Amino acid sequence: VQLQASGGGLVQAGGFLRLSCTASGRTFSNYGMGWFRQAPGKQHELVAGITNGGSSHYVDSAKGRFTISRDNAKNTVYLQMNRLKPEDTAVYYCAANKIVVATIPNLNEYWGQGTLVTVSR
């Protein structure tokens, strides 16, 4: 699976962004998908995941603000990020793994390149 992430950028606090990650090469619908982020000086953090069956889960800091969704017809997973905060600033990566994304980054089968999200005060 090759993953291509896009949608990052610079936004003011309180604003919104939508990240997209398009997959190619394998049967997308068999894979759980997820979004990790890595802030400067910090480890990767699983922000949101969605199983191959469509069940979603979020890190506590993202609950109520972020929504992960998938469109299997387009082989794409989205992360809608609302009410962004400066602490959301990070490089965001999408990942794929059979059925469900693992919270430990290197246990996932596939990674996309990162997309930078910068939230200014």
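In this report, we go over the structure that sits alongside the text. Every value quoted in this text rests on a predicted model; they were computed, and no experiment measured them.

**Here's the deal with the packing of aromatic side chains**
Turning to step 1, where the next piece is worked out: Across all of its chains, the model carries 3 aromatic pairs by this definition.
Turning to step 2, where the next piece is worked out: Seen from their ring centres, Phe36 and Trp111 are 4.8 Å apart, and the 45° between their planes marks the pair as tilted. Taken together, the residues Phe36 in strand β4 (residues 31–38) and Trp111 in strand β10 (residues 110–111) connect sequence positions 75 residues apart.
Turning to step 3, where the next piece is worked out: Using a relative accessible area of 0% as the deciding quantity, one classes Phe36 as buried.
Turning to step 4, where the next piece is worked out: One aromatic cluster is present, formed by Phe36, Tyr93 and Trp111 through successive ring pairs.

**Some details on the pattern of salt bridges**
Turning to step 1, where the next piece is worked out: Counting across every chain of the model gives 4 salt bridges.
Turning to step 2, where the next piece is worked out: A salt bridge links Asp88 to Arg37; the nearest nitrogen and oxygen atoms lie 3.0 Å apart. Here Arg37 lies in strand β4 and Asp88 lies in the loop between β8 (76–81) and β9 (90–98), a separation of 51 residues in the sequence.
Turning to step 3, where the next piece is worked out: We classify Asp88 as buried; its relative accessible area is 1%.
Turning to step 4, where the next piece is worked out: Under the relative-accessibility criterion, Arg37 is labelled buried at 7%.
Turning to step 5, where the next piece is worked out: Asp88 is the salt-bridge partner of Arg65, the closest N and O atoms lying 2.7 Å from each other. Taken together, the positions of Arg65 in the loop between β6 (56–58) and β7 (66–71) and Asp88 in the loop between β8 and β9 put the pair 23 residues apart, joining distant regions of the chain. For the pair Arg65 and Asp88, a shared accessibility class is recorded, and that class is buried.
Turning to step 6, where the next piece is worked out: Each of Arg37, Glu45, Arg65 and Asp88 takes part in salt bridges that share partners, so that together they form one network.

Rules used throughout
- Residues numbered from 1 in each chain as written.
- Predicted model: local features only at pLDDT ≥ 70, side-chain atom pairs only at ≥ 80, totals over all residues.
- Heavy atoms only, no water.
- Phe/Tyr/Trp six-rings, centres within 6.5 Å; stacked < 30°, edge-to-face > 60°.
- Helix = DSSP H or I, 4+ residues; strand = E, 2+ residues; numbered from the N terminus.
- Buried < 20%, exposed > 50% of the residue type's maximum accessible area, 1.4 Å probe, protein only.
- Salt bridge = Lys/Arg side-chain N within 4 Å of Asp/Glu carboxyl O.

Function-wise, these values are silent; they only describe arrangement.
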